[in-house]
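Report on the structure
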Amino acid sequence: MNETQQLTELTFTVSGRVSRPCRETYEAIADPDQLSRYFTTGGARGRLEPGADVSWDFADFPGRFPVTVVEATPPRRIVIRWEGEAVAGGSGSTTTTFELEPIDDDTRTLVTITESSWQPTAAGAKNAFGNCEGWTGMLAALKAWLEHGINLREGFYR
(Lines give C-alpha, C1' and ligand atoms only; values in the text may rest on other atoms or scores of the structure.)
Protein backbone atom coordinates (compact mmCIF):
# COMPACT_ATOMS: atom_id res chain seq x y z
CA MET A 1 0.00 0.00 0.00
CA ASN A 2 1.41 3.37 -0.91
CA GLU A 3 0.75 6.65 0.90
CA THR A 4 -1.92 7.79 -1.59
CA GLN A 5 -4.11 4.70 -1.20
CA GLN A 6 -6.99 4.95 1.23
CA LEU A 7 -7.07 2.48 4.09
CA THR A 8 -10.30 0.48 3.80
CA GLU A 9 -9.79 -2.17 6.47
CA LEU A 10 -7.39 -3.19 9.22
CA THR A 11 -5.59 -6.53 9.03
CA PHE A 12 -2.90 -8.06 11.23
CA THR A 13 -0.66 -11.11 11.09
CA VAL A 14 1.13 -12.93 13.92
CA SER A 15 3.49 -15.88 13.57
CA GLY A 16 5.32 -18.35 15.76
CA ARG A 17 7.26 -21.58 15.49
CA VAL A 18 6.18 -24.76 17.26
CA SER A 19 8.60 -27.67 17.67
CA ARG A 20 6.14 -30.27 16.46
CA PRO A 21 5.29 -31.65 13.00
CA CYS A 22 2.74 -29.81 10.91
CA ARG A 23 0.05 -32.51 11.18
CA GLU A 24 0.28 -32.61 14.99
CA THR A 25 0.14 -28.82 15.19
CA TYR A 26 -2.86 -28.71 12.83
CA GLU A 27 -4.71 -31.25 15.00
CA ALA A 28 -4.09 -29.16 18.12
CA ILE A 29 -5.92 -26.29 16.41
CA ALA A 30 -8.69 -28.26 14.65
CA ASP A 31 -9.59 -30.70 17.45
CA PRO A 32 -12.00 -29.13 19.99
CA ASP A 33 -10.75 -31.34 22.86
CA GLN A 34 -7.17 -30.16 22.40
CA LEU A 35 -8.17 -26.53 21.74
CA SER A 36 -10.15 -26.54 24.99
CA ARG A 37 -7.05 -27.59 26.94
CA TYR A 38 -4.91 -24.58 26.03
CA PHE A 39 -6.96 -21.81 24.35
CA THR A 40 -10.74 -21.77 24.67
CA THR A 41 -10.82 -21.56 28.45
CA GLY A 42 -14.60 -22.08 28.51
CA GLY A 43 -14.45 -24.93 25.99
CA ALA A 44 -14.67 -25.54 22.25
CA ARG A 45 -17.44 -27.43 20.52
CA GLY A 46 -17.09 -28.89 17.02
CA ARG A 47 -14.07 -29.76 14.94
CA LEU A 48 -12.73 -27.03 12.64
CA GLU A 49 -14.00 -28.50 9.38
CA PRO A 50 -16.52 -27.09 6.89
CA GLY A 51 -20.13 -27.71 7.88
CA ALA A 52 -19.37 -28.43 11.54
CA ASP A 53 -21.37 -26.77 14.32
CA VAL A 54 -18.51 -24.92 15.99
CA SER A 55 -18.47 -22.54 18.95
CA TRP A 56 -15.83 -21.28 21.34
CA ASP A 57 -16.20 -20.01 24.90
CA PHE A 58 -13.61 -17.96 26.80
CA ALA A 59 -13.44 -17.25 30.53
CA ASP A 60 -12.29 -13.69 29.78
CA PHE A 61 -15.24 -13.08 27.39
CA PRO A 62 -18.05 -15.32 28.70
CA GLY A 63 -20.62 -16.60 26.27
CA ARG A 64 -20.35 -18.90 23.28
CA PHE A 65 -18.97 -17.45 20.06
CA PRO A 66 -20.21 -19.18 16.90
CA VAL A 67 -17.41 -19.99 14.45
CA THR A 68 -17.99 -20.64 10.74
CA VAL A 69 -15.38 -22.83 9.08
CA VAL A 70 -14.83 -21.56 5.54
CA GLU A 71 -11.95 -23.86 4.64
CA ALA A 72 -10.01 -26.69 6.25
CA THR A 73 -7.13 -28.22 4.32
CA PRO A 74 -5.19 -30.56 6.63
CA PRO A 75 -2.44 -30.11 7.63
CA ARG A 76 -1.75 -26.70 6.15
CA ARG A 77 -4.68 -24.26 6.33
CA ILE A 78 -7.86 -23.36 8.23
CA VAL A 79 -10.03 -20.32 7.47
CA ILE A 80 -12.79 -19.26 9.87
CA ARG A 81 -15.23 -16.40 10.21
CA TRP A 82 -16.67 -15.14 13.44
CA GLU A 83 -18.62 -12.13 14.58
CA GLY A 84 -16.92 -8.91 15.45
CA GLU A 85 -17.79 -5.31 16.21
CA ALA A 86 -16.59 -2.44 14.02
CA VAL A 87 -15.87 -4.74 11.09
CA ALA A 88 -15.57 -3.60 7.48
CA GLY A 89 -17.60 -4.78 4.54
CA GLY A 90 -20.99 -5.01 6.22
CA SER A 91 -20.74 -8.77 6.91
CA GLY A 92 -20.53 -8.38 10.70
CA SER A 93 -17.67 -10.87 10.84
CA THR A 94 -13.93 -11.08 10.52
CA THR A 95 -11.93 -13.67 8.62
CA THR A 96 -9.12 -15.50 10.40
CA THR A 97 -6.66 -17.66 8.45
CA PHE A 98 -4.32 -20.19 10.04
CA GLU A 99 -1.45 -21.20 7.76
CA LEU A 100 0.92 -23.96 8.81
CA GLU A 101 4.24 -24.47 7.09
CA PRO A 102 6.50 -27.42 7.86
CA ILE A 103 10.08 -26.34 8.56
CA ASP A 104 13.28 -28.21 9.45
CA ASP A 105 12.16 -31.44 7.69
CA ASP A 106 8.73 -31.13 9.37
CA THR A 107 10.17 -31.33 12.87
CA ARG A 108 8.82 -27.81 13.44
CA THR A 109 5.87 -25.80 12.14
CA LEU A 110 5.63 -22.12 11.33
CA VAL A 111 2.10 -21.06 12.33
CA THR A 112 0.86 -17.80 10.81
CA ILE A 113 -2.49 -16.31 11.83
CA THR A 114 -4.01 -13.42 9.87
CA GLU A 115 -7.27 -11.70 10.79
CA SER A 116 -8.89 -9.11 8.57
CA SER A 117 -11.95 -6.99 8.05
CA TRP A 118 -11.75 -4.43 10.85
CA GLN A 119 -12.95 -0.89 10.11
CA PRO A 120 -10.17 1.72 9.96
CA THR A 121 -11.71 3.59 12.92
CA ALA A 122 -10.83 3.95 16.59
CA ALA A 123 -13.35 1.18 17.47
CA GLY A 124 -12.05 -1.05 14.68
CA ALA A 125 -8.45 -0.51 15.81
CA LYS A 126 -9.34 -1.28 19.44
CA ASN A 127 -11.00 -4.55 18.46
CA ALA A 128 -8.24 -5.51 16.01
CA PHE A 129 -5.55 -4.83 18.63
CA GLY A 130 -7.50 -6.89 21.18
CA ASN A 131 -7.78 -9.83 18.82
CA CYS A 132 -4.13 -9.47 17.81
CA GLU A 133 -3.26 -9.83 21.49
CA GLY A 134 -5.56 -12.85 21.72
CA TRP A 135 -4.06 -14.64 18.71
CA THR A 136 -0.53 -13.93 19.95
CA GLY A 137 -1.51 -15.47 23.29
CA MET A 138 -3.00 -18.44 21.45
CA LEU A 139 0.29 -19.04 19.62
CA ALA A 140 2.25 -18.93 22.88
CA ALA A 141 -0.29 -21.25 24.54
CA LEU A 142 -0.20 -23.65 21.55
CA LYS A 143 3.59 -23.85 21.76
CA ALA A 144 3.62 -24.42 25.53
CA TRP A 145 0.87 -27.06 25.25
CA LEU A 146 2.37 -29.05 22.38
CA GLU A 147 5.99 -28.86 23.47
CA HIS A 148 5.61 -29.13 27.26
CA GLY A 149 1.99 -30.06 28.12
CA ILE A 150 1.54 -26.76 29.98
CA ASN A 151 -1.71 -24.78 29.87
CA LEU A 152 -0.56 -21.14 29.98
CA ARG A 153 -4.11 -19.79 30.18
CA GLU A 154 -5.16 -21.78 33.27
CA GLY A 155 -5.83 -19.22 36.00
CA PHE A 156 -4.75 -16.35 33.77
CA TYR A 157 -8.22 -14.83 33.34
CA ARG A 158 -9.97 -15.79 36.57
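Not measured: the values here are computed from a predicted model.

Cut-off values and rules
Residues numbered from 1 in each chain as written. Predicted model: local features only at pLDDT ≥ 70, side-chain atom pairs only at ≥ 80, totals over all residues. Heavy atoms only, no water. Core = buried A, V, L, I, M, F, W, Y, C linked by side-chain atoms within 4.5 Å. Buried < 20%, exposed > 50% of the residue type's maximum accessible area, 1.4 Å probe, protein only. Helix = DSSP H or I, 4+ residues; strand = E, 2+ residues; numbered from the N terminus. Polar contact = N/O pair within 3.5 Å; in protein donor to acceptor, adjacent residues only side chain to side chain. Contact = heavy atoms within 4.5 Å. Phe/Tyr/Trp six-rings, centres within 6.5 Å; stacked < 30°, edge-to-face > 60°. Pairing = 2+ DSSP bridges.

Turning our attention to the nonpolar core. Core analysis: the largest hydrophobic core is formed by 36 residues, its most contacted members being Ile29, Tyr38, Leu48, Trp56, Phe98, Trp135 and Met138. At 8 residues, the largest contribution of residues to this core is made by helix 3 (residues 122–148).

Of note, threonine 94 is situated in strand 6 (residues 93–103). Within polar-contact distance, the side chain of threonine 94 engages the side chain of glutamate 115 at 2.6 Å. Apart from residues no more than four positions distant in its own chain, threonine 94 is found in contact with Ile80, Arg81, Trp82, Val87, Glu115, Ser116, Ser117 and Trp118.

The next subject is the packing of aromatic side chains. Within this structure, the stated rule accounts for 11 aromatic pairs. Between tryptophan 56 and phenylalanine 58, the ring centres sit 6.3 Å apart and the planes meet at 90°, which makes this aromatic pair edge-to-face. Overall, the relative accessible area of 7% leaves phenylalanine 58 in the buried class. Using a relative accessible area of 1% as the deciding quantity, one classes tryptophan 56 as buried. Every member of this aromatic cluster is reached through a ring pair, and the members are Phe39, Trp56, Phe58, Phe65, Trp82, Phe98 and Trp135.

As judged from the 6 bridges shared by strand 4 (residues 61–73) and strand 5 (residues 77–83), these two strands associate in the antiparallel manner. Following the sheet pairing, alanine 72 is matched in strand 5 by isoleucine 78. Where strand 5 meets strand 6, 7 bridges bridge the pair, whose relative direction is antiparallel. Of the residues in strand 6, the one forming a bridge with isoleucine 80 is threonine 96.

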